Amino acid sequence: QVQLVESGGGLVQAGGSLRLSCAASGRTFGRNTVGWFRQAPGKEREFVAAINWTGGNTYYANSVKGRSTISRDNAKNTLYLQMNSLKPEDTAVYYCAARRGYTIYYSRVSEYDVWGQGTQVTVSS
């Protein structure tokens, strides 16, 4: 099955921007739902954004809606999360995840089968 590797995290100031990447290996994303989740220390893993790889339909958590854009590059088999106007509350480890097929429950952690190792995002005030 597909393996996922995140990159692009780092330390940024509030109001800044960054782009996270999630590269797939072993196989292409194909007919999958792919998403971004984040987890801060002591908190549950929470949904950020998701995309249907083939159809391109996108979904966002209210906490990032209007500030973030999820996209994919078919040629590179890579998922992206562009984050703008970053806030200290965005500080977390960000994970990409994938599941076979499509689902209306795209915001649920339990819907995803494959996870990356995570990349740290720290936003200073």
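Worth saying up front: this structure is predicted, and the values here are computed from it rather than measured.

**Q** Please provide a residue-by-residue account of the pairing of strand E9 (residues 92-100), values included.
**A** Of all nine residues making up E9, eight are buried, and the element is well covered by its neighbours. Here E9 runs beside strand E11 (residues 119-124); their pairing, made up of three bridges, is antiparallel. Bridge pairing in E11 links Val-93 to Gln-120. As paired elements, E9 and strand E10 (residues 114-115) share two bridges and run antiparallel to each other. Each residue of the ladder has a partner; that of Ala-98, found in E10, is Val-114.

**Q** Account for unusual backbone geometry, with residues named and values stated.
**A** For Asn-77, which is not glycine, the phi dihedral falls at a positive 50°. Within the secondary structure layout, Asn-77 lies in the loop between strand E7 (68-73) and strand E8 (78-83). We classify Asn-77 as buried; its relative accessible area is 9%. Residue Ser-85 is not a glycine yet carries a positive backbone phi of 50°. Among the secondary structure elements, Ser-85 is positioned in the loop between E8 and E9. By relative accessible area, which is 42% here, Ser-85 ends up partly exposed.

**Q** If you had to explain the pairing of strand E3 (residues 18-25) to someone new, which residues and values would you point to?
**A** The pairing of strand E1 (residues 3-7) with E3 spans five bridges and is antiparallel. The partner of Ser-7 across the bridge, within E3, is Ser-21. With six bridges joining them, E3 and E8 adopt antiparallel strand pairing. Note that in E8 the partner of Ala-23 across the bridge is Thr-78.

**Q** For the pattern of salt bridges, give the residues involved together with the corresponding values.
**A** What the rule picks out here adds up to four salt bridges. A salt bridge links Glu-46 to Arg-38; the shortest N-O distance between them is 2.7 Å. A salt bridge links Glu-111 to Arg-99; the nearest nitrogen and oxygen atoms lie 3.1 Å apart. On the criterion of sequence distance, the pair formed by Glu-111 in the loop between E9 and E10 and Arg-99 in strand E9 is long-range, its members being 12 residues apart. Since its relative accessible area comes to 17%, Arg-99 is described here as buried. One continuous salt-bridge network, built from bridges that share partners, spans Arg-38, Glu-46, Arg-67 and Asp-90.

Rules and cut-offs
Residues numbered from 1 in each chain as written. Predicted model: local features only at pLDDT ≥ 70, side-chain atom pairs only at ≥ 80, totals over all residues. Heavy atoms only, no water. Buried < 20%, exposed > 50% of the residue type's maximum accessible area, 1.4 Å probe, protein only. Helix = DSSP H or I, 4+ residues; strand = E, 2+ residues; numbered from the N terminus. Pairing = 2+ DSSP bridges. Salt bridge = Lys/Arg side-chain N within 4 Å of Asp/Glu carboxyl O.

These figures come from the coordinates and say nothing about function on their own.
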